[in-house]
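As a plain string of letters, each chain reads:
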Amino acid sequence: MKCREVTYWLYSFRPRACWPADVVAHLQSCPDCRQVQADLKRIDEEIQQLTSAPGSASAKAHLLERVAKTPQAPGPAKPRAPFPWRRFTAYVVSAAALLLFGWLLGRRDAPEPTEDPKTIEVVREKLVDVLRDRFVMVPSSAERDLVAKLVQRNARLVQSATVKDRLDTLLDMADDFRTHVTTLLERGPRDQLPHAIELYRQLLNEAVPMQLQQAMPDERVELEAATRTRLTKLTDLGSAPLPAIVEEQRGAFQAATQKAVALLDRPPVVRPWERGESMSPMVALVQFAIAHSSEADALAKAERCAACVQRLTPVMMLVLSEEGTPRVELGQQFGEMIRFGVYQPIELATAKEPPQPVRDQAERILRDTAQSVAEMEKHLKDAPADVRPGLERALEATRKGWEKGKGKAKGKGKGLNEKGARLDHPNRGPRMFSVRAELSATPPIAPRPNRLL
Amino acid sequence: MNVHAPEETSWVEHAAQGDRDAFARLVDRYWDKVRRFLLGMSGKNHLAEEVAQEAFLKAWTALPTLREPATFRVWLFQIARRCWVDARRRSWAHLRVPMEGELEGKHDGPLMSILDDESQAQLQAALALLPTKFRAAYLLWTQEEMPYAEIASILGISEETARWRVCKARQDLVHTLTAYLHQ
């Protein structure tokens, strides 16, 4: 054993400890290690003597006096530890740091928006006009375009002699709806989308199949194939990315088209017509087309078309007075709708000495239509010069038909004059243009965007 | 471990219940030990007595909270050490200055008195030069002849660390007192 190993035992353990035999043997043979052992023993003894000097007796006595005066802590239980504010603060700060780190990490990893949020014009302040004490909704620019096109299509529809022509016209109307829906999707107002798609669906499901039903067997296959081809093209509404809520409307339009294709070879299901139902201008135009295409009974066709004309007349007065619209053509076409949609079916229904109920019904329809015509005549008197041609053309178009229809239906008349207008109408009077002037002086109402959608 | 376990445990239990006589017996047994330890740590007799009084008083106050009466010695020296640390913070009396005139030696005659003073001064200086943590371990080991396990408990260190500190303290003392030992 070396001296270094022995000194370890000398410094760390007391002499009376169980030193190993090697250490004891080394100490017996090594005078240097024995000297270290002796030095350590001396130091320990002298330091112990150094600190073993007796203290003052008064100190211990004074301690016992203090003990006698000092009460002990109550009970064996440990005093309640103070709330560990430092530890609690450390936990709170750590948790907040972790949350902040996670939030920052989430923001960094969040994908960037692929498109800028676009404000959807959902609610548009609709202008109203007053016509004979009734509020008339003024169509938007997109609606005015569609109304003009549908009037044109209906005028052509009522003059079509063949099934193919009527079918083409109805599909042209459907294509007008596709254009209208595309405009609404891209530029709005998108709140009109569901209404436009529903009218489009009614047109395809009621009017188109009925025309195919009326087709001759030898031409039906060809017409059906052509219709299927055109309907397939109608599903194209573009592929521009749209907000989700608008994307649903695009899907609804395409679904309506596909459903119409699937129902082409099935018997059409025409919704029963209810008298007096409220109709917007577009509804009236679509119902006019459906009635004229699907109604087999001439008098019923005249009645439904006359109801549509009545609903359309106030709006047509506004449209015919608008600048930028083809007033003459629109007037002509609206007059043709009345002439061939109302007067001509009445003429057919009353051609061969009809029974009295038919004559009465025909007379009632004529009276109702005469009110619309008389309304146009009254307005014609106060209309500005640039508005007059459209109204004149509409009246001119209805005149021939009126003469024929009145001649057939006139029996026990109820006070109709030569122009068909009821003389005792309580609200007659040329108020439209004066009211429009009052409204034009009123400051417009600021539009209120609807942020819910 | 407590070498006086049977009777000391009984004194501790009685003292914990408020028996001042039992605590007086504990004071008689440990007063010199604690004061000697504190004297070795501080080098000042009056300071050692003050800190010892404070330590015993705290032990009396907190004795009902002691769960293991057999560990009274370790517990008491823990209190004494903490009291000395607090006292050192309050004053700089722990500075490593020679403990001249504080530690009393044997005074058998004028010549022996001079020699004792010189020897004590060197011993005091060597002890004061030890780092505090080494000095505490060495004093507990050499004065109280405590095992390393108890030293470790009092100082709050491991047993091996306690052994190493004692070893280092004795090496430093031998190195410092070489001239003294071989003069």
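What you see is a predicted model, and the numbers here were worked out from it, not measured in a lab.

Caption draft 1: Spotlight on the overall build of chain B. Along the backbone of chain B there are nine helices and zero strands. In chain B, the succession of helices and strands from N to C terminus is α-α-α-α-α-α-α-α-α. In chain B, which comprises 183 residues, the share counted as buried stands at 54%. Carbon and sulfur atoms make up 52% of the accessible area of chain B, which amounts to about 8,400 Å² in all.

Caption draft 2: Structural context of the overall build of chain A. Across its full length, chain A holds 16 helices and two strands. Within chain A, the proportion of its 453 residues that are buried is 43%. When contacts within chain A are restricted to residue pairs at least 6 apart in sequence, those whose partners lie at least 24 apart make up 72%. Entry remark: accessible area of chain A is about 25,300 Å², with carbon and sulfur atoms responsible for 56%.

Caption draft 3: Representation of the nonpolar core. Ranked by internal contacts, the top residues of the largest apolar core, which has 81 residues, are Leu203(A) and Met376(A). Ranked by residues supplied to this core, first place goes to helix H12 (residues 298–321) of chain A with 12 residues. Apart from residues no more than four positions distant in its own chain, Met376(A) is found in contact with Thr313(A), Met317(A), Phe334(A), Ile338(A), Leu391(A), Ala394(A) and Leu395(A). Core analysis: the next-biggest nonpolar cluster, separate from the first, contains 79 residues, Val67(A), Leu123(B), Ile154(B) and Cys167(B) among them.

Caption draft 4: Representation of the interface of chain B and chain A. Contacts between chain B and chain A engage 50 residues on the former and 41 residues on the latter. Together, Gln53(B), Leu57(B) and Arg170(B) form the three largest contributors to the area buried by chain B at its contact with chain A, with a combined 15%. Counting across the chain B and chain A interface gives two salt bridges. Here Arg170(B) and Asp44(A) are joined by a salt bridge, their closest N and O atoms 2.8 Å apart. Listed by contribution, the elements that provide at least two residues to the side of chain B that touches chain A are helix H1 (5–16), helix H2 (20–42), helix H3 (45–62), helix H5 (110–129), helix H6 (132–142), helix H8 (159–176) and helix H9 (178–181) of chain B. The class makeup of the residues in the side of chain B that touches chain A is 27 nonpolar, 12 polar and 11 charged.

Caption draft 5: Representation of the side chain of Ser12(A) within the structure. Tracing the chain through its elements places Ser12(A) in helix H1 (residues 3–12). Under the relative-accessibility criterion, Ser12(A) is labelled buried at 0%. A polar atom in the side chain of Ser12(A) sits 2.7 Å from the side chain of Arg163(B). Beyond its immediate chain neighbours, meaning those up to four positions away, Ser12(A) contacts Trp141(B), Tyr148(B), Arg163(B), Cys167(B) and Arg170(B).

Caption draft 6: The confidence of the model for chain A, seen in detail. Residues and elements named next belong to chain A. Confidence in the prediction of chain A, expressed as mean pLDDT, is 75, and 76% of residues score 70 or more. Every residue in residues 117–134 is under pLDDT 50, and counting partners more than four places away or in other chains gives 57 contacts. Taken as a whole, residues 410–453 scores under 50 in pLDDT and shows 69 contacts with residues more than four places along the chain or in a different chain.

Caption draft 7: How the structure looks around the packing of helix H11 (residues 281–294) of chain A against H12(A). Residues and elements named next belong to chain A. Between H11 and H12, the least distance of the axes is 9 Å, while the angle of their chain directions is 160°. Overall, the two elements H11 and H12 adopt an arrangement that is roughly antiparallel. Considering the relative orientation of H11 and H12, their crossing is left-handed. Residue-level contacts link Pro281, Ala284, Leu285, Gln287, Phe288, Ile290, Ala291, His292 and Ser294 of H11 to Lys301, Arg304, Cys305, Cys308, Val309, Arg311, Leu312 and Val315 of H12. Of the residues that constitute the contact of H11 with H12, the class distribution is 11 nonpolar, three polar and three charged.

Caption draft 8: Quick peek at the packing of aromatic side chains. One pass over the structure, following the stated rule, counts 13 aromatic pairs over all chains. A ring pair is formed by Trp85(A) and Phe88(A), whose centres lie 6.2 Å apart and whose planes are at 85°; its orientation type is edge-to-face. Residue Trp85(A) and its partner Phe88(A) are located together in helix H5 (residues 85–109), separated by three residues, close to a single helical turn. Exposure remark for Trp85(A): the relative accessible area of 58% places this residue in the exposed category. These aromatic residues form a ring-pair network of at least three members: Tyr8(A), Trp9(A), Phe13(A) and Tyr148(B). Against the face of Tyr180(B) rests Arg42(A), its NZ or CZ located 4.9 Å from the ring centre.

Analysis parameters
Residues numbered from 1 in each chain as written. Chains lettered and ligands numbered in written order. Predicted model: local features only at pLDDT ≥ 70, side-chain atom pairs only at ≥ 80, totals over all residues. Heavy atoms only, no water. Helix = DSSP H or I, 4+ residues; strand = E, 2+ residues; numbered from the N terminus. Buried < 20%, exposed > 50% of the residue type's maximum accessible area, 1.4 Å probe, protein only. Areas by Shrake-Rupley, 256 points an atom, 1.4 Å probe, with all protein chains shown as cover. Contact = heavy atoms within 4.5 Å. Core = buried A, V, L, I, M, F, W, Y, C linked by side-chain atoms within 4.5 Å. Buried area = accessible area lost by both parts, 1.4 Å probe. Salt bridge = Lys/Arg side-chain N within 4 Å of Asp/Glu carboxyl O. Nonpolar A, V, L, I, M, F, W, Y, C, P; charged D, E, K, R; others polar. Polar contact = N/O pair within 3.5 Å; in protein donor to acceptor, adjacent residues only side chain to side chain. pLDDT = per-residue confidence, 0-100. Axes fitted to C-alpha atoms, helices over the stretch in contact; angles between N-to-C directions. Parallel < 35°, antiparallel > 145°, perpendicular 65-115°, else oblique. Left-handed = near helix turned anticlockwise from the far one by under 90°. Phe/Tyr/Trp six-rings, centres within 6.5 Å; stacked < 30°, edge-to-face > 60°. Lys NZ or Arg CZ within 6 Å of the ring centre and 35° of its normal.

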